[in-house]
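Below are the chains, spelled out letter by letter.
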Amino acid sequence: MSPPERVSVNDLVGMAERHRAPIIASTYNEPLITSEEAVEIFRVAKARGLKTAYISNGNGTPEVLEYLKPWVDLYKVDLEGFNDTNCRKLGGVLGNVLETIKLLVKKQFWVEIVTLIVPGFNNSDAELAQIAEFLASVSTDMPWHVTAFHQDYKMRDHANTAASTLFRAADIGKSTGLRSVYAGNIGRPP
């Protein structure tokens, strides 16, 4: 492990510029816990022509989203299913995530949703349809990314997601009227 290193806001933005990164993002288990720091960085980044992004599990309040609005260009939310019991197993509350998605769209953030599809956890046609129908009811222009689970870290008791599952999910999304549905993160076949 490397030791902690003090880095200033200008250092962080400078690193992004040196690496020709067009976007600087705030992410963590939930970046909303570091919103003040993110805004401090984003102010400098935006002044220097970079786009800014939040990569979130979707637990925003109206107050924090209002605070972030001037500084965040792109907001990605993980919607890990449409079953509150399963969401709670992952540390979330489904209702909070759904409300955050609605608020983000209402406040006119650019919002994209990612659902990691895990076999035996959230891959039923019924649950995928519930997710897609909810998203379409909020905005048919909101992109939905359906991505593959891989046994890389935890939940090793679930199989890797087959490409056919992602294509099925994408078809379900398109059938609800979502205009931009992307199947990705398939990886190499075993």
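Refer to the structure above for everything that follows.
Here is a short report on the structure shown in this document. Residue numbers restart at each chain and count upward from 1, following the sequence in its written direction. Given that the model is predicted, a residue must reach a pLDDT of at least 70 before its local features are reported, and side-chain atom pairs must reach 80 or more before they are shown or counted; all residues, however, enter totals for whole chains, interfaces and linings. Excluded from the side-chain calculation are hydrogens and water; included are all heavy atoms of the structure.

1. Some points on the sheet that holds strand β5 (residues 144-148)
If you trace the six strands from one edge of the open sheet to the other, you get β1-β2-β3-β4-β5-β6, paired in parallel fashion. In this open sheet, the two strands that pair with only one neighbour each are β1 (23-27) and β6 (181-184). On average, adjacent strands in this sheet sit at an angle of 20° to one another, irrespective of strand direction. When DSSP locates at least two bridges between a pair of strands, those strands are taken to pair. A run of H or I in DSSP becomes a helix once it reaches four residues, and a run of E becomes a strand once it reaches two; helices and strands are each numbered from the N terminus. Pairing of β1 with strand β2 (residues 51-56), which is carried by five bridges, proceeds in the parallel orientation. Within β2, the residue paired with Ile 24 across the bridge is Thr 52. To get an axis, a line is fitted to the C-alpha atoms, and for a helix only the part in contact is used. The angle between two axes follows their N-to-C directions and goes from 0 to 180 degrees.

2. Concerning a nonpolar patch on the surface
Among the surface-exposed residues, Val 7, Leu 12 and Met 15 lie close enough to one another that they form a single nonpolar patch of about 190 Å² accessible area. One can find Val 7 in the segment before α1 (9-18). A patch consists of residues whose relative accessible area exceeds 30% and which take part in no salt bridge; residues with like charges are grouped when within 9 Å of each other, and nonpolar side chains (Val, Leu, Ile, Met, Phe, Trp, Tyr) when within 5 Å. Each accessible area is a Shrake-Rupley result for a 1.4 Å probe, and residues are judged covered by the shown protein chains and nothing else. Basic side-chain nitrogens of Lys or Arg form a salt bridge, by our definition, when they fall within 4 Å of a carboxyl oxygen of Asp or Glu.

3. Here we look at the nonpolar core
Membership of the largest hydrophobic core comes to 47 residues, with the highest contact counts inside it found for Leu 68, Tyr 75, Leu 79, Ile 101, Ile 113, Leu 135 and Trp 144. If we ignore the near neighbours within four places in the chain, the residues touching Leu 79 are Leu 94, Val 97, Leu 98, Ile 101, Ile 113, Val 114, Thr 115, Ile 131 and Leu 135. What we call a nonpolar core is a set of buried Ala, Val, Leu, Ile, Met, Phe, Trp, Tyr and Cys residues that are connected through their side-chain atoms within 4.5 Å. Three labels apply to residues, based on accessible area from a 1.4 Å probe with only protein chains included: buried if under 20% of the type maximum, exposed if over 50%, partly exposed otherwise in between. By the convention used here, residues are in contact when the closest approach between their heavy atoms is within 4.5 Å.

4. Remarks on the environment of Gly 91
Tracing the sequence through the fold places Gly 91 in the loop between α4 (84-89) and α5 (94-106). Residues Gly 91 and Asn 57 lie 34 residues apart in sequence; the distance between their C-alpha atoms is 9.6 Å.

5. Digging into the packing of α1 against helix α2 (residues 35-47)
Put simply, α1 and α2 touch, their axes get as near as 9 Å, and they point 50° apart. Judged by the inter-axis angle, α1 sits oblique to α2. Between α1 and α2 the crossing geometry is right-handed. Only Glu 40, Ile 41, Val 44 and Ala 45 of α2 make contact with α1, whose side of the interface consists of Val 9, Asn 10, Leu 12 and Val 13. A per-class count over the contact of α1 with α2 returns six nonpolar, one polar and one charged. Roughly parallel refers to an angle under 35 degrees, roughly antiparallel to one over 145, roughly perpendicular to one between 65 and 115, and oblique to any angle outside these ranges. By convention, the crossing between two helices is left-handed when the near helix turns anticlockwise from the far helix through less than a right angle, and right-handed when the turn is clockwise. Note on residue categories: nonpolar means Ala, Val, Leu, Ile, Met, Phe, Trp, Tyr, Cys or Pro, charged means Asp, Glu, Lys or Arg, and polar means any other residue, Gly included.

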